[in-house]
Amino acid sequence: MNSEKVRCGWCGTDPLYVKYHDEEWGVPVKDDKTMFEFLLLETFQAGLSWITILRKRENFRKAFDDFDYKKIAKYDQSKIDLLLQNEGIIRNKLKVHSAVTNAKAFMEIQKEFGSFTEYIWSFVNHEPIKNIWQTHKDAPATSSESDALSKDLKKRGFKFVGSTVVYAHMQATGMVNDHIESCFRYHEV
Ligand SMILES: [Zn+2]
């Protein structure tokens, strides 16, 4: 890690957080598997800090079959019970159930639109929205696009997809570039 680089303030100096900021956050995601991984992690984040989720990410990967939505959509009660005993993840009953519900709804969208990526990117006309912030505190918690996407996802049966969660997802997957203007990643993503 090069500490002389200017970065968005939110990632601080935690190496895991810095690596995530430098390599993943804001890079446009155009494949369904990665989209689902982020979506699952974001829904588990609701009410918690992102670094908490990031530290548990590899536990989630193991527990949720490498984020394979086809497998997750088929989880039965015994698998759910097992997940609820797994101390490595967030043991929240509603969130664990939502992973299964969302995997099913995710695949319904794939059927309808060809891919989830095609569907979700249509909410920003298939181009990242490039903002210009001076500090990360300037970035909003929601936007008109996240409101519309959240509403549509809910209509399609998704859980834990409030506009704030959806906006965080849009930032993570590069649908919106919210790196601050002075961040070295602003022009790279
Ligand atoms: Zn940044």
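Refer to the structure presented above.
Criteria and thresholds
Residues numbered from 1 in each chain as written. Predicted model: local features only at pLDDT ≥ 70, side-chain atom pairs only at ≥ 80, totals over all residues. Heavy atoms only, no water. Axes fitted to C-alpha atoms, helices over the stretch in contact; angles between N-to-C directions. Helix = DSSP H or I, 4+ residues; strand = E, 2+ residues; numbered from the N terminus. Parallel < 35°, antiparallel > 145°, perpendicular 65-115°, else oblique. Left-handed = near helix turned anticlockwise from the far one by under 90°. Contact = heavy atoms within 4.5 Å. Donors = N, O, S within 2.8 Å, 3.2 Å for Na, K, Ca; no water. Tetrahedral: all angles 85-135°; square planar, octahedral: opposite > 155°, others 65-115°.

J.: Just to check I follow, could you spell out the packing of helix α8 (residues 144–155) against helix α9 (residues 163–172) for this structure?
T.: Relative placement of two packed helices is described by the angle separating their axes and the distance separating the axes. Taken N-terminus to C-terminus, the directions of α8 and α9 make an angle of 115 degrees; their axes are 8 Å apart at the nearest point. Viewed along their axes, α8 and α9 adopt a mutual orientation that is roughly perpendicular. At the point where α8 passes α9, the crossing takes the right-handed sense. In this structure, α8 uses Glu145, Ser146, Asp147, Leu149, Ser150 and Leu153 to contact α9, whose residues at the interface are Ser163, Val166, Tyr167 and Met170.

J.: Please clarify how the side chain of Ser98 should be interpreted in this entry.
T.: Mapped onto the elements, Ser98 comes out in helix α6 (residues 93–113). When near neighbours in sequence (up to four residues on either side) are disregarded, Ser98 contacts Lys159 and Phe160.

J.: Help me understand the coordination of the zinc ion in this model?
T.: Angles at a metal have ideal values that depend on geometry: 109.5 degrees with four tetrahedral donors, 90 or 180 degrees with six octahedral donors. The coordination sphere of the zinc ion, as far as protein atoms go, consists of Cys8 (SG), His21 (NE2), His179 (ND1) and Cys183 (SG), spread over 2.0 to 2.3 Å. Every donor counted, the 4 donor atoms about the zinc ion form angles of 99 to 120 degrees at the centre, which fits tetrahedral coordination. Between the donor residues of the zinc ion, the gaps in sequence give the motif C-x12-H-x157-H-x3-C. Taken as a pair, Cys8 in the segment before α1 (15–23) and Cys183 in the segment after β2 (176–177) lie far apart in primary sequence, 175 residues in all.

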